[in-house]
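Results of the structural survey
Here is how the chains run, residue by residue.
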Amino acid sequence: MTSRPRPTPQSHATLSGVVERVTHHNEEDGYAILKIQPPGRSDLITVTGNVPRVVPGEKIEARGEWINNPEYGRQFKAATIHLSQPDTLQGLERYLGSGLIDGIGPKYAKRIVKKFGTTIFDIIENESARLEEVEGVGKKRRQEIRASWMKQKTMHDIMVFLHQRGISTSRAQRIHRTYGDQSLEILQTNPYQLADDIHGVGFKTADDIAAHMGIEKAAPQRLRAGLLHALETATTHGHNCLPRDLLISDAEKLLAVPPAELQPQLDQLLADDTLISDPVEKRDLIYLPTALQGEISIAKHLQNLLRSPSSYPPIDIDAALQWCAQTTKIQLAPSQQDAVRAALTQRVLIITGGPGVGKTTIINSILAILTAKNIKPILAAPTGRAAQRLAASTGHDASTMHRLLEFQGNGVWGHHHGRPLKGDLFVLDEASMIDTPLMAQYLSAIPTGAHLLIVGDADQLPSVGPGSVLQDLIASQKIPTVHLSEIFRQAAKSRIVTAAHAINQGKLPDLKPSPDSDFFFLEKSDPLTLQQTVLNLCHHRLPTKYPFDPIRDIQVLTPMNVNELGTRRFNQLLQNALNPPHEMKFEIERGNQLFRVGDKVIQTRNNYEKETFNGDIGHILRIDLDPITIHVRFEGNRDVTYEPIDLDQLQLAYAITIHKSQGSEFPCIIIPWSMSQFIMLERSLIYTALTRGRKLVIIVGEEKALNMAIQKTNSRKRWTGLRSRLTLP
């Protein structure tokens, strides 16, 4: 028997050979399990380690240590792995036949290697016409092979460059998709551009690349990029701008340099018009140019509309209200009649109020009266779910704002000031969700002479995007506004409605249980007990007592993504409970998330090519393995296909954040609410969550945490200048 040399437990052992098989490779972190054929050996060695990309047939040189895995036996744990192109005929056949290069499979790989041997890479790159000497290779296949080879070569260089700097393969693919052959040049000349251009590559990642390339900590390039990033980060937190001193303070924390070094770089950005300073209410506010233009555009278009009185045909309002009551069989209360009167006499009107105050009844009455006068209404809402609800409640067509405005991607809109929409009355629902850029685009497309009705609940969470448009419009006191507060008889029977209004008034709602109630509070203080209670409600108690489908009808809404009560942990637990693994269910792992056929998923950002939008919820219909594609059915039986590289747009949706739920309603809502989430707890958050439930709402958690949130209202402050601009002449 031949004895093997006894390994020493150090990281200086080496191993070389040829990659025979890739057992596992995670594109996010590069972790790989490889089967290696060392020279002169008949057995395969298992090697584990990190590598950006690996293809069977490649030569490998690894440095690390031998270990004994309790489950899998003796392995080589690599600290570093270096891969190179194969130089043997067998290795070349495996490499080219692996599917890496379009146009070459195992059959053509054998023919090509037999013809050109070890010169094949030079042939493909410099004399590709000679490939037509191989049987079955014509001009089209030859061009396909060369184009794919050059793309793969560039990708390999990028992946190696980025992997050495801790960037995953999937991000490297997105970088190449964005920049193409210029990827390495851009990385080496201005790595900070990645943070601006590519989703998932933040400033910290770009800063790490810059540090590896020797860019100094106090380099002007770095400081200017940091200032821009600090302001862009503020927009992701809802601000249109920042006061100068606050921007400097945020950049100081980010860059770890003193304010004295940042001031001249900010002055330079202002001098270059990269940023713009605008004095508002005696504060020097710093804007990105597009953000400032958005505020100016909103103010200008609203002021233009307000300069003209209503131009509806003559209407006897008293007679119209009486006719409407007879037609709809609904007698409006005095406050509702006042709202309808205002809508029939104002060019622009805002109607705001909480649940159960009759906003939908008022909209329907306005539409009934005006359509009888041949007024053409155009209805829209910011999300697909909100638009569907608006259409269902009014009986009129309604669309998302993006679809109405014919958004075509890359900042291109089909409707704008130069090509306005057609219509007489524009109704905009769920207006609290609309951010500054979208409202600016919408108002720019409203034709001269049209009327505008804005409807929303100003006490809901503000938009996910920058600005607090609805709140600013109301606070300016320049836009005619009807505030509705009277809860009507049928709505008053709902404890969901009465609890929401109590919270909005700063009061703790009645938490005493009632058998026939649609609102319950379950006191649980320990986070793990709370977690298990939510699981039990979703999986057993509620589907047993109510006609709720546990996946489609029950929605967990939580304040945060992280911790034991966050979306990530709940989604893992609920996926295992409600959609457990099965040999007949395909699944795919992406990063630290597993997707399985039957899973409930949510789109996390707008994708205009697929016509799917942030907050759209669907279910995975099937997963195909060759090639890997994921098929998702969204509401309205709309099927969308995703490739693996697109999966960062999807998340499991058994539990979603309250922010993501805006504009949606669900039959049943469960809200975990604990002091462990204290940093996020505030009144508008719990108010928004509560009003998402249509038939049943259950809060599971601590009364102390609920009371604390109800008393906290100051976290909604957003830096904008819109309110002040609306007051300017």
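Computed from a predicted model, the values in this text were never measured in an experiment.

A closer look at the environment of Val201
- Take Val201: it is sitting in the loop between helix 7 (193-197) and helix 8 (203-212).
- On the basis of relative accessible area, Val201 is assigned to the buried category, the value being 2%.
- The spatial distance from the C-alpha of Val201 to the C-alpha of Glu261 is 26 Å, given a sequence separation of 60 residues.
- Sequence-distant contacts of Val201, that is, excluding residues within four places in its chain, are made with Arg171, Leu194 and Ala195.

Here we look at the pairing of strand 24 (residues 638-642)
- Relative to strand 24, strand 23 (residues 628-634) runs antiparallel, the two sharing five bridges. Bridge pairing in strand 24 links Ile630 to Tyr642.
- Counted along the chain from strand 23 to the antiparallel partner strand 24, the turn is three residues long, and its residue Gly636 has a positive phi close to 85°.

Observations concerning the packing of aromatic side chains
- Summed over all chains, the structure comprises six aromatic pairs.
- Both rings, one in Tyr192 and one in Phe203, keep their centres 5.5 Å apart while their planes meet at 25°; by these two values the pair is stacked. Note that Tyr192 is positioned in the loop between helix 6 (183-189) and helix 7 and Phe203 in helix 8, a separation of 11 residues in sequence. You'll find Tyr192 and Phe203 in the same group, each marked buried.

Some details on the state of the cysteines
- Scanning the entire structure with this criterion turns up zero disulfides.
- Considering cysteine sulfurs only, Cys538 is the nearest to Cys668, which forms no disulfide, with 7.5 Å between them.
- Given a relative accessible area of 0%, Cys668 falls into the buried group.

Considering helix 24 (residues 683-690)
- The buried fraction of helix 24 is high, at eight of eight residues.
- Within the sequence span of helix 24, burial applies to Arg683, Ser684, Leu685, Ile686, Tyr687, Thr688, Ala689 and Leu690.
- Contacts from the buried residues of helix 24 go to helix 21 (495-504), strand 17 (519-523), strand 18 (554-558), strand 27 (666-673), strand 28 (693-701) and helix 25 (703-711).

About the thresholds
- Residues numbered from 1 in each chain as written.
- Predicted model: local features only at pLDDT ≥ 70, side-chain atom pairs only at ≥ 80, totals over all residues.
- Heavy atoms only, no water.
- Helix = DSSP H or I, 4+ residues; strand = E, 2+ residues; numbered from the N terminus.
- Buried < 20%, exposed > 50% of the residue type's maximum accessible area, 1.4 Å probe, protein only.
- Contact = heavy atoms within 4.5 Å.
- Pairing = 2+ DSSP bridges.
- Phe/Tyr/Trp six-rings, centres within 6.5 Å; stacked < 30°, edge-to-face > 60°.
- Disulfide = S-S within 2.5 Å.

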